[in-house]
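Working through the structure, step by step
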Amino acid sequence: MSSTFTRVTVSAMCSAIVLLCFAAAAVLGASAAEAGAAGRVGILHIPSAAELARGRCPSRCGHVDILYPFGIGLGCFRQGFDLICDKSTTTPRLFLGNSTVQIYSMYPGDGEIGASVVHFNVTMISGMDTYNMSWEAPVEGVTVAGDLSVLYVVGCAVGVYFFGHDRNDPIGSCMSSCVADKEAMKKANTKVSQYFSEAIGIGFCSIRLIQDVRAFGLTVGRLNGGISALSGEVLSNVKVFLANSYTFATNDIYSSRVDERNVLGAVFSIAITEQPSCESAQKDKATYACSYGSDCQDLNSGGYSCSCPGGNAAREDNPYMMGGCSPD
């Protein structure tokens, strides 16, 4: 009897210990999952420099300073502004979220991020004359800066239709044709560029954005009556890219990619999108992104952005941080 009782007690204790272990594992698993989710979601309050320092938030990746609301790691970025630092190269590279958009500079005070070109290389094949493509900002907190962005098309006998969130939201269109004489194309573009800032459609064409966009689509189509004097490879190779500016070079038509030395990368704008406007955002002080003393601006793309007041605000100012704006 005593022996049986002892065995039952020991068995019960072991069972209890096992249950406790499972419970502890479940709690730890849940905590880890919550931490991981928090790391992906980001914070919604206005942090101080001391808070980010305590959190050991990375302040630099390669040659780029990391400035809030952007950041890497738990508690280091605002929701929708997460970055990745790729350390697999000799000089680490900074990317917007899990994307191929590389960041070269960021200025929260100006609301701008300098980044790599958004590009599409199209190889047109026989029997297929229309190609559809789309792009969406890889993180919630940025939009394409409309006043600083142009869609460029380098190619021959091609037309492009450029639109916003759907085909019923047109941004513009352009057509590019070529002649067999390289020097003639070069001279034509050089001469016209003295009087016009945009392309005239000889070897390349361009479409300027008129407002910020979070996403866009485009249709690339072969124009009827291609130029037989040019090789099929030239006619089939079309480069489409979004950038701040581009200086046309005839050789770009004949190469597989545009020479990066001719292109100034893309520019993105900061956009706080949890609320549709400043008015609605200011009703929830716990999640309002603009620090005390900073100004709020509604965005035509939806949401709002923050800026430090006055025309003399320093570029280093950060309206998304506590005390981030320089005193008047």
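Here the structure is shown first, and the text comes after it.
Overview of the structure. (Residues numbered from 1 in each chain as written. Predicted model: local features only at pLDDT ≥ 70, side-chain atom pairs only at ≥ 80, totals over all residues. Heavy atoms only, no water.)

This part is about the pairing of strand 11 (residues 158-163). Of all six residues in strand 11, five are buried; the element is thus mostly enclosed. Counting the residues in the hairpin turn of strand 11 and strand 12 (residues 170-176) gives six residues. With six bridges connecting them, strand 11 and strand 14 (residues 215-222) associate as antiparallel partners. Note on strand 14: the bridge partner recorded for Phe-162 is Leu-218. (Buried < 20%, exposed > 50% of the residue type's maximum accessible area, 1.4 Å probe, protein only. Helix = DSSP H or I, 4+ residues; strand = E, 2+ residues; numbered from the N terminus. Pairing = 2+ DSSP bridges.)

This part covers the side chain of Ser-269. With respect to the helices, strands and loops of the structure, Ser-269 is situated in strand 18 (residues 266-270). Under the relative-accessibility criterion, Ser-269 is labelled buried at 11%. When sequence neighbours within four positions are dropped, the list of residues in contact with Ser-269 reads Gly-111, Ile-113, Gly-141, Val-142, Thr-143, Ala-145 and Asp-212. (Contact = heavy atoms within 4.5 Å.)

Turning next to the packing of aromatic side chains. For the structure shown, the criterion picks out 13 aromatic pairs. With centroids separated by 5.6 Å and ring planes inclined at 25°, the aromatic side chains of Trp-135 and Phe-216 adopt a geometry described as stacked. Here Trp-135, found in strand 8 (residues 130-136), pairs with Phe-216, found in strand 14; they are 81 residues apart in sequence, far enough to count as distant. Residues Tyr-288 and Tyr-304 carry aromatic rings whose centres are separated by 5.9 Å and whose planes lie at 25° to one another, so their mutual orientation is stacked. On the criterion of sequence distance, the pair formed by Tyr-288 in the loop between helix 6 (278-281) and strand 19 (295-298) and Tyr-304 in strand 20 (residues 304-307) is long-range, its members being 16 residues apart. Each member of the pair Tyr-288 and Tyr-304 is classed as buried. Grouped by ring-pair contacts, the aromatic residues Phe-120, Trp-135, Phe-162, Phe-216 and Phe-268 constitute a single cluster. (Phe/Tyr/Trp six-rings, centres within 6.5 Å; stacked < 30°, edge-to-face > 60°.)

Spatial relationships are all this shows, so hold off on functional conclusions.
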